[in-house]
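Each chain, written out:
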Amino acid sequence: MNERRVAVVAVGGNSLIKDKAHQTIPDQYAAAAESMGHIAGMIQAGWEVVITHGNGPQVGFILRRSELSRHELHEVPLDYCGADSQGAIGYMFQQALYNVFRLRGMPKQAATVVTQVLVSAEDPAFKHPSKPIGSFMDEPTASDRAAGEGWAVVEDAGRGWRRVVASPRPVKIVQREVIEAMIAAGFVVIAVGGGGIPVVEDPAGNLIGVEAVIDKDFASALLASSIRADLFLISTAVPQIALNYGKLDQQWLDKISLAEAKQYLQQGHFAKGSMGPKVQAIINYLEAGGKRALVTDPQNIGRALAGETGTWVVP
Ligand code: ADP
Ligand code: MG
């Protein structure tokens, strides 16, 4: 019997939506099934896996539906949009995994945990909401919603107005013990969808949902260090991390140290809204005692685990 090896696998938006022309539910299911097939490969190789995922476009769709039916139905607060998306994406992953496990004769089952993630009400991000969500609005609508609902709104580079919310730092995975118990029992767990549903504690210790968005890479890293995962794998749209990405002197990285990751991040090699938070999340995981991290794309997970591609980051 092998010793238990636990991996947190954070799947990016490309595991659900490949491009603008493939956004429907059947399209998302097809993309999910493909990614789940690759993750099933690592489960076959002996890994116990917790899958985390983003939900940006899906929450955008829920908000848009809610907005279009405002004249008839109550609107859906952002924390509930997050919960809805965790359920629906969890359902997709569970079904895709069930079907691939059946096909390959694997005695495994997957289950989704609706995951709340504690944030601090004092987080400076609440004073500077910066994460745009929902659709574009004209100026009168924006000021109307700002006055009526207390939304923070910003003008987005001539494209119109958008609501912005805070992106606070994750402090604690509220359902951590549940996730650990399920892993220990041999289940594949889907958790911390969309970075988790942000909640704060009131003075009495009760949880209250907040309308904010937690970065999914940060929350996944916190989960990985909290459950002492042996591997933090970020599955995204590129097979490796590069220096001078997209430039003539681009250089793919096979293996870097924590110190190098910090240095390259500081030198500006990793774009702010995309690779930057992934590298910062990996730094957080390794600094909290994590063992090793890997960045690659879904189709290369097997090869990367065999050391043939991907970017490894080690302490
Ligand atoms: P996800 O949905 O997985 O979070 P993101 O789009 O946020 O994906 O981040 C992955 C993207 O980061 C890649 O598709 C790539 O275009 C971009 N990127 C930015 N800087 C780098 C870099 N230095 N090396 C590799 N990819 C990079
Ligand atoms: Mg991203």
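What this report covers is the structure whose coordinates are included nearby. In this text the structure is predicted, and so the values were computed from the model without any measurement.

What counts and how
- Residues numbered from 1 in each chain as written.
- Chains lettered and ligands numbered in written order.
- Predicted model: local features only at pLDDT ≥ 70, side-chain atom pairs only at ≥ 80, totals over all residues.
- Heavy atoms only, no water.
- Salt bridge = Lys/Arg side-chain N within 4 Å of Asp/Glu carboxyl O.
- Helix = DSSP H or I, 4+ residues; strand = E, 2+ residues; numbered from the N terminus.
- Buried < 20%, exposed > 50% of the residue type's maximum accessible area, 1.4 Å probe, protein only.
- Pairing = 2+ DSSP bridges.
- Axes fitted to C-alpha atoms, helices over the stretch in contact; angles between N-to-C directions.
- Contact = heavy atoms within 4.5 Å.
- Phe/Tyr/Trp six-rings, centres within 6.5 Å; stacked < 30°, edge-to-face > 60°.
- Lys NZ or Arg CZ within 6 Å of the ring centre and 35° of its normal.
- Core = buried A, V, L, I, M, F, W, Y, C linked by side-chain atoms within 4.5 Å.
- Near = heavy atom within 4 Å.
- Polar contact = N/O pair within 3.5 Å; in protein donor to acceptor, adjacent residues only side chain to side chain.
- Areas by Shrake-Rupley, 256 points an atom, 1.4 Å probe, with all protein chains shown as cover.
- Nonpolar A, V, L, I, M, F, W, Y, C, P; charged D, E, K, R; others polar.
- Right-handed = clockwise from strand over helix to strand, strands pointing away.

1. Digging into the pattern of salt bridges
- Throughout the structure, instances matching the rule amount to 16 salt bridges.
- As a salt-bridge pair, Lys 18 and Glu 34 come within 3.2 Å of each other at their nearest N and O atoms. Residue Lys 18 is found in the loop between β1 (5-11) and α1 (25-44), and its partner Glu 34 is found in helix α1; the two are separated by 16 residues along the sequence.
- The partly exposed category is assigned to Lys 18, whose relative accessible area is 47%.
- The class for Glu 34 is partly exposed, based on a relative accessible area of 39%.

2. Points about the sheet that holds strand β5 (residues 131-137)
- Strands sit in the order β5-β7-β6 across an open sheet of three strands; the sheet is antiparallel. A strand with exactly one partner marks an edge of an open sheet, and here the two such strands are β5 and β6 (152-155). When the angles between neighbouring strand axes are averaged without regard to direction, this sheet yields 35 degrees.
- Note: β6 against strand β7 (residues 161-165), four bridges, orientation antiparallel. The partner of Glu 155 across the bridge, within β7, is Trp 161.
- Helix-sheet contacts for helix α4 (residues 139-149) involve β5, β6 and β7, and the interaxial angle to β5 is about 130 degrees.

3. Focus on unusual backbone geometry
- Even without being glycine, Val 192 reaches a positive phi, approximately 55 degrees.
- Even without a glycine there, the phi angle at Arg 228 is positive, about 55 degrees.
- Mapped onto the secondary structure, Arg 228 falls in the loop between α6 (216-226) and β12 (231-235).

4. A closer look at the sheet that holds strand β11 (residues 207-209)
- Strand order in the open sheet made by the four strands is β8-β4-β10-β11, with mixed pairing throughout. Looking at the sheet topology across the chains shown, the edges are occupied by β8 (172-173) and β11.
- Relative to β8, strand β4 (residues 116-118) runs antiparallel, the two sharing two bridges. Across the sheet, residue Leu 118 finds its bridge partner in β8, namely Lys 172.

5. Observations concerning the packing of aromatic side chains
- Per the counting criterion, the structure on display carries one aromatic pair.
- Over the ring of Trp 47 we find Arg 5, and its NZ or CZ is 4.4 Å from the ring centre.
- Lying across the ring of Phe 136, Arg 162 places its NZ or CZ 5.0 Å from the centre.

6. Re the nonpolar core
- Ranked by size, the top nonpolar core spans 48 residues in total, and within it Val 8, Val 50, Ile 179, Val 189, Leu 223, Phe 232 and Ile 282 carry the most contacts.
- If you list the elements that add at least two residues to this core, you get β1, α5 (176-184), α6, β12, β13 (241-243), α7 (258-266), α8 (275-287) and β16 (293-296).
- If you tally residues by element for this core, the top one is α8, at seven residues.
- Look past the residues within four positions of Ile 179 in its chain and what remains in contact with it is Val 50, Val 113, Thr 115, Ile 173, Val 189, Ala 191 and Leu 223.

7. Remarks on the site of ligand 1
- Taken together, the neighbourhood of ligand 1 is formed by 17 residues, with Gly 13, Lys 216, Thr 236, Ala 242 and Lys 278 sitting nearest.
- For ligand 1, an oxygen atom lies 2.9 Å from a polar atom in the side chain of Lys 216.
- The side chain of Ser 274 places a nitrogen or oxygen atom 3.4 Å from an oxygen atom of ligand 1.
- Starting from 580 Å² of accessible surface for ligand 1 in isolation, the protein chains cover 79%.
- When contributions to the shell around ligand 1 are tallied by element, the ones reaching two or more residues are β13 and α8.
- Along the lines of polarity and charge, the residues of the shell around ligand 1 split into eight nonpolar, seven polar and two charged.

8. Structural notes on the pairing of β1
- The element β1 is largely enclosed, with a buried count of six among its seven residues.
- Two elements, β1 and strand β2 (residues 47-53), share seven bridges in a ladder whose sense is parallel. Bridged to Val 9 within β2 is Ile 51.
- For the crossover from β1 across α1 to β2, the handedness is right-handed.
- Alignment of β1 against β12, held across five bridges, turns out to be parallel. Its bridge partner lying in β12, Val 8 is registered against Phe 232.

On their own, these measurements won't tell you what the molecule is for.
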